[in-house]
Structure formats: C-alpha cells, structure tokens
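# A closer look at the structure
Residue strings, one per chain:
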Amino acid sequence: MDHLGVKTEIDRLVNELNHHNQLYYIQNNPIISDIEFDQLLKKLEQLEKEHPEYASENSPTKRVGGDLTKKFTAVAHRLPMLSLSNTYSEEEIEEWENRIKKSIDEEISYVCELKYDGVAIGIRYENGAMTAAVTRGDGEKGELVTTNVRTIRTIPLQLQNDFPSDFEIRGEIFMPHEQFEALNQEREEAGEALYANPRNTASGTLKSLDSKVVADRKLDCYLYGLYGLSDLQAGHFESVLKAKEWGFRIPPPEKRFIEKTSSIQGIMEFIHYWNEARNALPFDIDGIVIKVNSYEQQRKLGFTAKSPRWAIAYKFKTSQVETVLESVSYQVGRTGAITPVANLNPVQLGGTTVKRASLHNADQIEKLDLHLGDFVQVEKGGEIIPKIVGVNLGKRTSMEKVMFIDQCPECQSNLVRKEGEAQHYCPNETACPPQVKGKIAHFISRKAMNIDGIGEETIEVLFEKELIKDISDLYRLTFDQLVDLERMGEKSANNMLKGIEASKSIPFERVLFGLGIRFVGETVAKKLAQSFQNMDALQAASYDELIDVEEIGEKIAISVQLYFQDSANLALILRLKEVGLMFESVKKEQVSSVLLGKVLVVSGTFETFSRDEIKELIERNGGKVGSSVSSKTHYLIAGANMGPAKLKTATNLGVVIISEDEFIKLIS
Ligand code: IVH
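Along each chain, the written sequence defines residue order, and numbers are assigned to residues from 1. Thresholds applied to this predicted model are a pLDDT of at least 70 for local features of residues and 80 or more for the giving and counting of side-chain atom pairs; totals over whole chains, interfaces and linings are not thresholded and use all residues. Excluding hydrogens and water, the side-chain values take into account all heavy atoms of the structure.

Numbering of helices and strands runs from the N terminus, with a helix taken as a DSSP run of H or I at least four residues long and a strand as a DSSP run of E at least two residues long. With respect to the helices, strands and loops of the structure, S610 is situated in the loop between β18 (599-603) and α22 (611-620). Per-residue accessibility, obtained with a 1.4 Å probe over protein chains only, is compared with the maximum for each type, and a residue is labelled buried under 20%, exposed over 50%, and partly exposed between these values. You can call S610 buried: its relative accessible area is 11%. Between the C-alpha atom of S610 and that of R334, which follows or precedes it by 276 residues, the distance is 32 Å.

What follows concerns the site of the ligand. One heavy atom suffices: a residue is near a molecule or strand as soon as one of its heavy atoms comes within 4 Å of it. Around the ligand sit 14 residues, and of these E113, L114, E172, Y224 and K291 come closest. L114 is positioned with one of its backbone polar atoms (N or O) 2.9 Å from a nitrogen atom of the ligand. Elements with a contribution of two residues or more to the shell around the ligand: β3 (110-116) and β10 (285-292). Of the residues forming the shell around the ligand, the biggest block, four residues, is contributed by β3. Classifying every residue of the shell around the ligand by side-chain character gives eight nonpolar, one polar and five charged. Definition of a polar contact: a pair of N or O atoms within 3.5 Å, with one able to donate and the other able to accept a hydrogen when the atoms are protein atoms, and with sequence-neighbouring residues admitted only if both atoms are side-chain atoms. By the convention adopted, Pro, Cys, Tyr, Trp, Phe, Met, Ile, Leu, Val and Ala count as nonpolar, Lys, Arg, Asp and Glu as charged, and the other residues, Gly among them, as polar.

This paragraph deals with the sheet that holds strand β20 (residues 635-638). Being paired, for any two strands, means DSSP has found at least two bridges between them. Read from one edge of the open sheet, four strands run β19-β18-β20-β21, paired in parallel fashion. Looking at the sheet topology across the chains shown, the edges are occupied by β19 (624-626) and β21 (656-658). Strand-to-strand twist in this sheet, taken as the mean axis angle between neighbours without regard to direction, amounts to 35°. Strand direction decides the pairing type here: β18 and β20, joined by four bridges, are parallel. What sits directly across from V601, in β20, is L636. The contact rule is simple, with two residues in contact once any of their heavy atoms fall within 4.5 Å. Axis lines are fitted through C-alpha atoms, for helices just across the contact stretch, and the angle between N-to-C directions can take any value from 0 to 180 degrees. The strands touched by helix α24 (residues 660-667) within the sheet are β18, β20 and β21, with β21 carrying the most contacts at an inclination of about 100°.

What follows deals with the environment of R278. Note on placement: R278 falls in the loop between α9 (264-277) and β10. With relative accessibility at 17%, the residue R278 sits in the buried group. Linking R278 and L114, residues 164 residues apart in sequence, is a C-alpha distance of 9.2 Å. Excluding residues within four positions of it along the chain, R278 makes contact with I285, F316, K317 and S319.

At a minimum axis separation of 11 Å, helix α3 (residues 90-103) and α9 run at an interaxial angle of 150°. When the axis of α3 is compared with that of α9, the two are roughly antiparallel. Where α3 crosses over α9, the handedness of that crossing is right-handed. Along the contact surface, α3 presents E90, I93, E94 and E97, while α9 presents I264, I267, M268, I271 and H272. Residue composition of the contact of α3 with α9, by class: five nonpolar, one polar and three charged. Roughly parallel means an angle under 35 degrees; roughly antiparallel means over 145; roughly perpendicular covers 65 to 115; every other angle is labelled oblique. Here is the rule for handedness: rotate from the far helix to the near one, and if that takes an anticlockwise turn smaller than a right angle the crossing is left-handed, while a clockwise turn gives right-handed.

Attention shifts here to the packing of aromatic side chains. In this scheme Phe, Tyr and Trp rings, the latter by its six-membered ring, pair at centre separations within 6.5 Å, and the angle between planes marks the pair as stacked below 30 degrees, edge-to-face above 60, and tilted otherwise. Inspection of the entire model under this criterion finds 21 aromatic pairs. Aromatic pair Y125 and F248: ring centres 5.1 Å apart, planes at 85°, arrangement edge-to-face. With Y125 in strand β4 (residues 119-126) and F248 in the loop between α8 (236-246) and β9 (258-261), this pair connects stretches of sequence that are 123 residues apart. In terms of burial, Y125 and F248 fall into one category: buried. For the pair F443 and Y475, a centre-to-centre distance of 6.4 Å together with 80° between the ring planes defines the contact as edge-to-face. With F443 in helix α12 (residues 433-444) and Y475 in the loop between α13 (456-464) and α14 (479-483), this pair connects stretches of sequence that are 32 residues apart. With a relative accessible area of 0%, F443 lands in the buried category. Look at Y475 and you get buried, because its relative accessible area is 12%.

Before going further, it helps to examine the nonpolar core. We call a set of buried residues a nonpolar core when its members are Ala, Val, Leu, Ile, Met, Phe, Trp, Tyr or Cys and they connect through side-chain atoms within 4.5 Å of each other. Judged by nonpolar contacts, the single largest core of 53 residues is most densely connected at L474, Y475, L512, L528, M535, L538 and L581. Setting aside residues up to four positions removed in sequence, M535 forms contacts with F508, L512, L515, F564, I573 and F583. One finds A133, L157, M175 and V214 within the second-largest nonpolar core, a separate group that totals 35 residues.

Another aspect to go through is the sheet that holds strand β2 (residues 86-87). On the basis of which strands lie adjacent, the open sheet formed by five strands has the order β2-β11-β10-β3-β9 and mixed pairing. Edge positions in the sheet fall to β2 and β9, since each has one partner strand and no second. The sheet contacts of α3 involve β2, β3, β10 and β11 (311-315), and relative to β11 the element is tilted by about 170°. Strands in contact with α8 are β3, β9 and β10; relative to β9, the strand with the most contacts, it is inclined by about 145°.

One turn of an α-helix holds 3.6 residues; hence residues three or four places apart share an orientation. Working rule for helices: expected span equals 1.5 Å times residues minus one. Between its terminal C-alpha atoms α3 stretches 20 Å, which fits the 20 Å expected from 14 residues at 1.5 Å a residue. I93, W96, E97 and I100 are the residues of α3 that are buried. Angular distribution of buried residues about the axis of α3 spans 95°; they occupy a single face of the element. Counted as exposed and oriented over 90 degrees from the buried face of α3: E91, R99 and K102. Tucked into the core, α3 has its buried residues touching β2, β3, α9, β10, α10 (295-301) and β11. For α3, the N-terminal cap is S89; the gap from its side-chain oxygen to the backbone nitrogen of E91 is 3.3 Å. Each direction from the helix axis to a C-beta atom contributes to the arc, which is the arc of those directions.

Counting buried residues along β11, five of its five residues qualify, which places the element largely inside the surrounding structure. Examined bridge by bridge, β2 and β11 share two bridges and lie parallel to one another. Along β11, the bridge assignment pairs T87 with Y314. In terms of strand pairing, β10 meets β11 through five bridges, oriented antiparallel. Note on β11: the bridge partner recorded for I290 is I312.

Here you go:
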C-alpha cells in the first residue's frame with residue numbers, strides 16, 4: 001500500500017469503528033459481533049503502529065489506555081463550573097417554583113433530571129474532535145484529564161452529523177455498581193483496603209496517572225449540559241436531544257432519566273417516581289435536578305454568587321431502618337483477615353431485603369457497644385453494603401455484649417492484631433482452609449494466571465481430596481487424578497490441564513500478583529516487576545530500594561520483605577520455578593540505543609513523566625536504570641524534592657546531573 005492508501009485505510013477504519021462504537025454504546029444496537037469489532041481494531045492498531053504519522057489522538061485505539069499520561073495541568077474553565085443550590089424538602093421546591101413564576105410572567109417549562117453521584121466533567125469539542133476534558137476543580141480552574149476521559153467508551157471521540165464547530169458539553173462521570181463491586185472483590189482478594197463508595201472511586205480513578213487503569217475500570221458518563229453554542233436550540237431539553245444526533249449518549253427520555261414538564265405536579269411526580277425507582281438503577285444518584293428549560297428565561301433569571309437561579313437540586317434522604325441484630329459471624333479472607341458480619345432480622349431497605357451488614361472490625365463493634373438482640377439502625381448510603389450506624393438503647397433488653405473472637409473460626413489458631421492495624425488476622429496461612437483455598441482461587445483468577453476450567457467447586461474438591469495443598473500442586477496434577485473426580489470427565493480434565501500448562505507463559509507481573517502477597521495488588525505487582533525485572537532482584541531488594549519505587553510505601557515494602565523472610569514462601573517460589581513459571585520480565589521493545597552503555601539514576605518527582613515512565617524510557621532507549629548513585633552512574637536525572645544526600649554524592653563523584661527537560665532532549 002502506498003502512503004496515500006495507508007492514510008485512506010486508516011481513516012476508513014477510524015470511521016467504521018467510530019460508527020460501530022456509536023451503535024454499541026449510544027444506540028444500544030450493535031450490528032457486528034465483538035470479535036469482528038476487535039479484528040477491525042487490531043487492523044487499525046497494526047497500521048497505526050507501522051505508520052504512527054497517520055495515527056490520530058482521537059483514534060478508537062486510544063480507548064484502551066496505556067500511553068504515558070502526563071501529570072495533570074490546571075486549566076481555567078472558559079465558563080465557570082457552578083454548583084446547584086439544594087434542598088431536602090419538597091416545600092422548598094414549591095417555593096422555588098413560585099419564585100420563578102413571580103419573576104417571569106410567561107409560560108414556563110421545566111426539565112427534570114437525575115442528579116448523578118459522580119464527578120463533574122467539561123469536555124470541549126473542536127471541529128467534531130474531543131480536544132480537552134477538564135474536571136470541576138474549584139469551579140474556576142480544573143485539571144486537564146483528557147487522556148483518561150478518552151478511555152471512557154460512552155464518550156465519543158469524534159462527532160458526527162452537523163455538530164457545532166466549537167463547544168463544551170458537561171456531564172457526570174461515575175462508576176456503575178457492577179464495576180465497583182467487581183473492583184472491591186479484586187481488592188479484597190489482593191488483601192487491599194476496600195474502596196468506600198463508587199463516587200470517590202470514580203473520582204480517584206479519573207485522576208489516575210495511568211490511563212490503562214482508567215480504561216480497565218470502565219467508568220461511565222451521562223452528559224447534561226451544553227455550553228458555548230452559537231446556534232442555540234430554544235431550550236436545554238432540545239439541545240440535549242440534539243446532542244444525541246452528534247453522537248453523545250444522553251440521559252434516555254424513554255427511561256425517564258430526563259423529562260420536560262410545565263407544572264409543579266409534574267416535578268413532584270418525577271421526584272416521587274425516582275425516590276422509589278432509584279434503588280433499581282445500576283448506578284448511584286443522590287437526588288433530582290430541576291432546571292428551567294428556556295435559555296432565554298434562564299438568562300433573565302441569572303445567577304446568585306454560587307449557583308444559577310434557574311435550577312435547583314432536590315436531594316434524597318439516605319434510607320435508614322431499624323431491625324434486630326440476631327448474631328455476629330466472622331469471615332476469614334484469603335489473607336487471613338477476619339471480617340465480622342452482623343446477621344439481621346431481614347428487613348426491607350431501599351428496595352432490597354437486607355439480612356446482613358458489614359461491621360468492619362473489632363473497633364467498630366466496640367464503638368457501637370453492640371449487644372445481641374439490640375435494635376440497630378441500618379443505613380444504605382453511598383456504600384453498597386449496608387452498615388449499622390447506631391443502636392436504639394431505649395429498646396435494649398439483652399445483657400449479652402458482642403465480644404470479638406480470639407480464635408480463628410475455621411482452624412482455631414489464635415488471632416493476631418498488629419500494632420496500628422484495625423484488622424485481626426489468622427496467622428495460619430499454610431493450613432487454614434479458607435486461606436489456602438482463597439489463595440488458590442486468587443492465583444488462578446482471570447487477572448492473575450487466568451487458568452480456564454477451574455472453578456471454586458473444583459478447588460473445593462481438589463482440596464478435600466488432598467490433591468492440592470498450595471498453588472504449586474496444581475502443576476503436579478495428572479489426567480488420571482482428575483478424570484475420576486465428580487462431574488469432571490475426560491474433556492474437562494484435559495481442558496484443565498491445558499489451562500494449567502498455558503499459565504506457564506503468563507508474564508512475571510501477573511505471576512507476582514497471583515502469589516497473593518499482602519498489599520501487592522495488580523498495579524503494585526506491575527510496578528515491582530517493572531522496577532526489579534525478576535524475582536531474584538525483588539527478593540534481594542532492600543527496604544530503601546523498595547520504597548524508592550513509585551507508589552510503593554512503607555506498608556507494602558514491609559509486607560514484601562516479610563513475605564521473603566518466610567521459608568515456606570521461599571520453598572513455594574522454588575517449586576514454582578521448577579515447574580517453569582515466568583519469574584522474569586520480558587524486555588520491552590527498544591526505540592533507540594542513544595543511551596547504550598549508560599547508567600542513569602532517577603530521583604525526585606517530575607513534571608511531564610512519572611518516575612516509572614522515565615525509567616521505562618531509559619530502558620527503551622538502551623540505557624540501564626541504577627538504583628543508587630555510585631561511581632558507575634553516568635547521569636542523575638534530578639526532579640523536585642530530591643534528597644540532598646543523593647545530590648551531594650552525585651556532585652562528589654562527578655556524575656552529570658540533568659533535569660527532566662534535558663533528559664527528554666537527550667532521548668529525542
Ligand atoms: S447541572 C450550573 N445537572 O451536581 C449547574 N448537575 O451541585 C450545573 N450533577 O457539579 C450543574 N447531575 O457535578 C447538573 N443532571 C445534572 C446533574 C448535576 C449531577 C452534579 C454536578 C454539579 C453538581 C451541582
């Protein structure tokens with residue numbers, strides 16, 4: 001293909017993929033299968049790789065994230081991002097409506113919308129292409145998070161039809177319940193602290209420095225406001241509908257996510273409807289927003305210092321209910337963490353039957369001074385799992401105070417609680433059944449070794465029959481052992497063995513994640529694998545070298561060192577090495593050899609790249625990353641807040657000290 005041919009083919013694929021994205025995400029009506037879509041995407045990826053000069057920033061391939069995200073820059077909003085005045089009282093909504101009617105002596109239409117509980121975002125489109133996405137920030141200035149927003153598949157990168165040439169659309173980015181729960185489950189399996197609620201998680205995710213993380217987390221978005229249009233529709237409702245034609249996924253009127261009405265009765269009916277129906281939504285809303293529809297009337301009504309007079313939010317009260325605490329049970333997680341759970345007399349709350357509530361830890365039980373048989377208040381707020389927020393002392397009859405257990409309910413080992421930690425742990429890692437089974441389940445899970453054909457039930461059976469006691473035993477299983485198991489058969493046995501064999505080529509970072517070292521989740525495993533490249537180097541790493549890695553703090557460093565101090569873990573690693581698992585990173589593709597033979601040390605924090613990104617760039621350009629400054633060091637790349645000791649050593653040894661900009665020049 002000649003150059004013109006390549007460019008035409010890239011443009012054609014971009015258009016075709018955008019069209020299918022639009023059918024899939026906006027219209028809910030795909031006409032090709034996921035596989036066909038992936039094939040087109042792969043074709044485009046390949047062409048863009050061969051001809052990066054024709055790859056556009058808004059290519060659908062950018063949806064998968066992973067390119068180096070720069071630190072966010074603060075930018076001023078062209079129009080301030082205001083907040084809404086809000087109320088919990090229907091009366092005040094009526095008063096607001098009366099005020100509007102008094103100041104505007106005309107027919108008035110209102111638009112009722114959901115108040116999405118997420119993070120506000122403003123996205124600019126120039127000539128149909130997304131050019132900037134900015135968070136709300138302080139309302140005047142926000143952070144430029146375009147690279148991350150590009151990974152959100154329900155937000156179009158390229159518009160269609162007769163879109164305006166330059167405008168901004170605002171909306172809310174949020175995390176659906178399903179994503180939030182899956183993420184927390186993964187975190188629980190990794191022994192990491194759970195996220196409190198979808199809103200904070202969405203906000204944290206949007207500000208992640210790694211756009212791959214954002215892509216994986218599958219954020220979602222609804223858009224609810226257009227700004228800077230010169231060719232205005234009559235009103236807000238009409239503009240939002242128009243935006244659908246340009247390719248935006250707008251709140252669907254047929255699901256009553258947005259509705260036009262001309263009366264206070266219509267507004268109230270909308271509020272009452274969603275006060276019930278919100279419990280069945282797959283994401284959180286915290287209220288209803290009511291806006292005057294006509295732009296002309298909005299202009300007449302104007303603003304107070306903080307918010308528009310033409311809009312108001314009605315906020316829902318969090319649902320609370322009282323019920324009886326019947327018992328407390330204790331769950332043992334993969335890492336041995338003990339979680340107390342309150343078993344309640346089943347009660348209706350926010351559309352679901354609540355039977356259990358999380359109690360978090362011993363301190364929480366103590367704080368509530370729980371007694372069995374207590375009447376407790378249960379609340380379902382932003383969190384998915386309901387929690388106990390109080391006890392009705394007036395109704396207490398029981399003398400039986402809830403006492404936290406001191407032995408593991410599964411293996412009767414004495415529990416331990418480390419200083420400064422809230423959680424109790426069962427220390428019997430190698431023989432406590434839920435810990436052993438949990439570790440195996442984690443190891444084979446999709447994000448770790450991704451071994452097909454083994455489910456939780458199989459693990460249960462293999463464990464019961466004493467065929468596996470730890471993850472290394474998986475690699476010793478034979479066809480004869482498997483085929484006789486209940487509900488197994490030849491085909492499943494073969495599939496399982498095939499899956500186990502295939503896992504031997506899973507990259508080091510995922511093997512590391514699969515080991516289930518406390519606090520070493522997916523991201524941390526990736527960072528550690530990137531920095532140390534192989535298991536021996538990680539094992540030999542000092543505490544200082546560990547905390548020198550980006551995002552690795554004291555807690556993780558100590559946990560990694562403790563892991564390698566345990567002889568049982570070392571023996572396990574040895575067995576896994578023997579069966580041929582990957583304990584070394586595969587080298588990244590080289591882009592140049594300008595740094596060949598050079599050792600560079602990176603220290604401090606940087607403007608354009610993260611520390612890990614700089615290290616990756618060093619290696620991709622042929623250089624070596626040194627962990628500390630020595631006579632072998634050629635360059636020290638000095639960022640902000642660098643320790644004075646390092647600087648002094650470098651100066652004494654005559655090491656060349658360069659800035660981030662000088663480094664960028666060096667490699668480009
Ligand atoms: S309109 C000038 N509509 O609520 C008014 N906001 O307190 C601009 N929000 O920062 C906002 N759903 O993050 C509007 N349907 C909706 C909304 C909504 C959620 C959030 C938004 C805003 C905050 C206002």
